[in-house]
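Working through the structure, step by step
These are the residues of each chain, in order.
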Amino acid sequence: MSHAPLAAYPALRLRRLRQSDWIRRLVRETVLTPADLIWSMVVHEGEGQVPVPSMPGVARLSVKECAKAAIEARRLGIPAIAVFPHIDGSKKDAIGSKAADPDGVVARAVKAMKDAAPEVGIMCDVALDPFTDHGHDGLIENGKILNDATIERLVAQGLMQAAAGADILAPSDMMDGRCGILRQALESAGYQDMMIMSYAAKYASAFYGPYRDAIGSGKLGSGPVENPGDKKTYQMDYANSDEALREVALDIAEGADMVMVKPGLPYLDIVQRVVDAFHVPTFAFQVSGEYAMMKAATQNGWLDEDRAILESLGAFKRAGAAGIITYFAPQAAKLLGA
Ligand code: PBG
């Protein structure tokens, strides 16, 4: 019998540091805590909770329920909530007229949550897609998504969210130059302290499917105006990685305080590259499709749910993420002993 590897490296037994829980804890390189989580939440205009079929365990919450959830977030040690709106289809149009509505459900939810639990940070998506009947994040002319005209609408939306009391604005539209223009507008309007977390490297992804369900997003490629059936002319090609670094560099130069990579788990290589290159707080979004996949498997008994949740979130920390936007936030915080 040959013992060549051991003979060559007689002292090298990496299993020594794995032999019991106390030593594994002692040499652990990264740790996940509730403070790493941003709770992704959907608000709707009606009463109570409306379950989202493709996301078992997730429901659209009324404004009142959002306020309760904010109190729950505080109790669980979850620092922040990212809120996404579901509005009635009849209120949507081609230009997303309701996006900057100061009496809309986003403004009301932000106020209710800040009143209920002012210690919890509230992040708002700056994007038109919950408000457009075609489901795109921009204005459209002759079948094309307009960049600069869209940004004007986004600025109005962002200022409305700031006025409502949001703490972080998160532009998720992928228009060029939006962070800079938004930042300037915030400065001029006296919102010097407003944080921007830019969806800097956001990929055109199949994994957003259940989210579009959750917010009742218009079906791409349909509706009264001619529009593309996907978001590939503004969101990134999943084959690209260098391009993500260019996107991040621009957004930081334009005034973003934090950046995000999205989706999450299939894009950990991007998270790691961004962290290594820029050393700015970098977040990852564990998106609706990732949630749905894990739920489907755990509900079938094919995966151990608790372990799968913690392992997936822990992987983001290992890749260098400052935190994770996730629909699992409350469940994960409880598992972490909050
Ligand atoms: C819209 C937006 C999307 C998500 C967050 N903001 C969808 C999209 O770009 O089509 C996805 C969230 C998720 O899938 O959980 N700008």
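Presented here is a report on the structure given in the accompanying data block. Here the structure is a predicted model, which is why all the values come from computation and not from measurement.

**Focus: the pattern of salt bridges**
Pairing between side chains of opposite charge can happen when their charged atoms approach one another. What the rule picks out here adds up to 15 salt bridges. For Asp-173, the salt bridge identified is with Arg-178, shortest N-O distance 3.1 Å. On the basis of relative accessibility, which here comes to 3%, the residue Arg-178 falls in the buried class. Linking Arg-178 and Asp-251 is a salt bridge whose minimum nitrogen-to-oxygen distance equals 3.1 Å. With Arg-178 in helix α6 (residues 178-188) and Asp-251 in helix α8 (residues 242-254), the pair connects residues that are 73 residues apart, well separated along the chain. Each of the two residues, Arg-178 as well as Asp-251, counts as buried. One network of salt bridges, in which partners are shared, links Glu-72, Arg-75 and Lys-334.

**What about a nonpolar patch on the surface?**
Together, Leu-17, Trp-22, Leu-26 and Val-27 make up an exposed nonpolar region whose accessible area comes to about 450 Å². Counting through the fold element by element, Leu-26 comes out in helix α2 (residues 21-27).

**Here's the deal with the site of the ligand**
Taken together, 19 residues lie near the ligand, and Asp-137, Lys-202, Arg-212, Lys-262 and Tyr-327 sit nearest. In this structure, Lys-262 approaches the ligand through a side-chain N or O atom, which is 3.4 Å from a nitrogen atom. Measuring from an oxygen atom of the ligand, one finds a side-chain N or O atom of Tyr-327 at 2.6 Å. Protein burial of the ligand: of its 400 Å² of free accessible surface, 100% is covered by the chains. Residue assignment for the shell around the ligand shows that the elements contributing at least two residues are β9 (195-202) and α7 (209-214). By residue class, the composition of the shell around the ligand is 9 nonpolar, 3 polar and 7 charged.

**Here's the deal with the packing of aromatic side chains**
A full pass over the atoms with the stated rule returns 7 aromatic pairs. Plain terms: the ring middles of Phe-84 and Tyr-211 are 5.5 Å apart, the flat faces sit at 85° to each other, and that makes the pair edge-to-face. Here Phe-84, found in strand β4 (residues 80-86), pairs with Tyr-211, found in helix α7; they are 127 residues apart in sequence, far enough to count as distant. A relative accessible area of 3% means that Phe-84 is categorised as buried. Ring plane angle 40° and centroid distance 4.5 Å describe the contact between Tyr-291 and Phe-328, whose orientation is recorded as tilted. Placement of Tyr-291 in helix α10 (residues 288-299) and of Phe-328 in the loop between β12 (323-326) and α12 (329-335) is noted, with a sequence separation of 37 residues between them. Every member of this aromatic cluster is reached through a ring pair, and the members are Phe-84, Tyr-199, Tyr-211, Phe-285, Tyr-291, Tyr-327 and Phe-328. Positioned above the aromatic ring of Tyr-208, the side-chain terminus of Lys-202 is 5.5 Å from the ring centre. If you follow Lys-262 out to its NZ or CZ, it ends over the ring of Tyr-208, 4.4 Å from the centre.

**Description of the nonpolar core**
Counting 109 residues, the largest nonpolar core has Ile-81, Met-113, Met-123, Met-197 and Ile-325 as the members making the most contacts within it. When sequence neighbours within four positions are dropped, the list of residues in contact with Ile-325 reads Ile-38, Ser-40, Ala-82, Met-123, Met-197, Met-260, Phe-283, Ala-284, Phe-285 and Gln-286.

**Let's talk about the pairing of β4**
Here is the key point about a regular strand: its side chains alternate between the two faces of the sheet. With 7 of its 7 residues buried, β4 lies for the most part within the structure. Across 7 bridges, strand β1 (residues 37-44) lies against β4 in parallel orientation. Across the sheet, Val-43 pairs through a bridge with Pro-85, a residue of β4. With 4 bridges joining them, β4 and strand β5 (residues 121-126) adopt parallel strand pairing. Pairing of Ala-82 across the sheet is with Met-123, part of β5. A crossover connection joins β4 to the parallel β5 through helix α4 (residues 105-116); in handedness this β-α-β unit is right-handed.

About the cut-offs
Residues numbered from 1 in each chain as written. Predicted model: local features only at pLDDT ≥ 70, side-chain atom pairs only at ≥ 80, totals over all residues. Heavy atoms only, no water. Salt bridge = Lys/Arg side-chain N within 4 Å of Asp/Glu carboxyl O. Buried < 20%, exposed > 50% of the residue type's maximum accessible area, 1.4 Å probe, protein only. Helix = DSSP H or I, 4+ residues; strand = E, 2+ residues; numbered from the N terminus. Patch = residues over 30% accessible without salt bridge, like charges linked within 9 Å, V, L, I, M, F, W, Y side chains within 5 Å. Areas by Shrake-Rupley, 256 points an atom, 1.4 Å probe, with all protein chains shown as cover. Near = heavy atom within 4 Å. Polar contact = N/O pair within 3.5 Å; in protein donor to acceptor, adjacent residues only side chain to side chain. Nonpolar A, V, L, I, M, F, W, Y, C, P; charged D, E, K, R; others polar. Phe/Tyr/Trp six-rings, centres within 6.5 Å; stacked < 30°, edge-to-face > 60°. Lys NZ or Arg CZ within 6 Å of the ring centre and 35° of its normal. Core = buried A, V, L, I, M, F, W, Y, C linked by side-chain atoms within 4.5 Å. Contact = heavy atoms within 4.5 Å. Pairing = 2+ DSSP bridges. Right-handed = clockwise from strand over helix to strand, strands pointing away.

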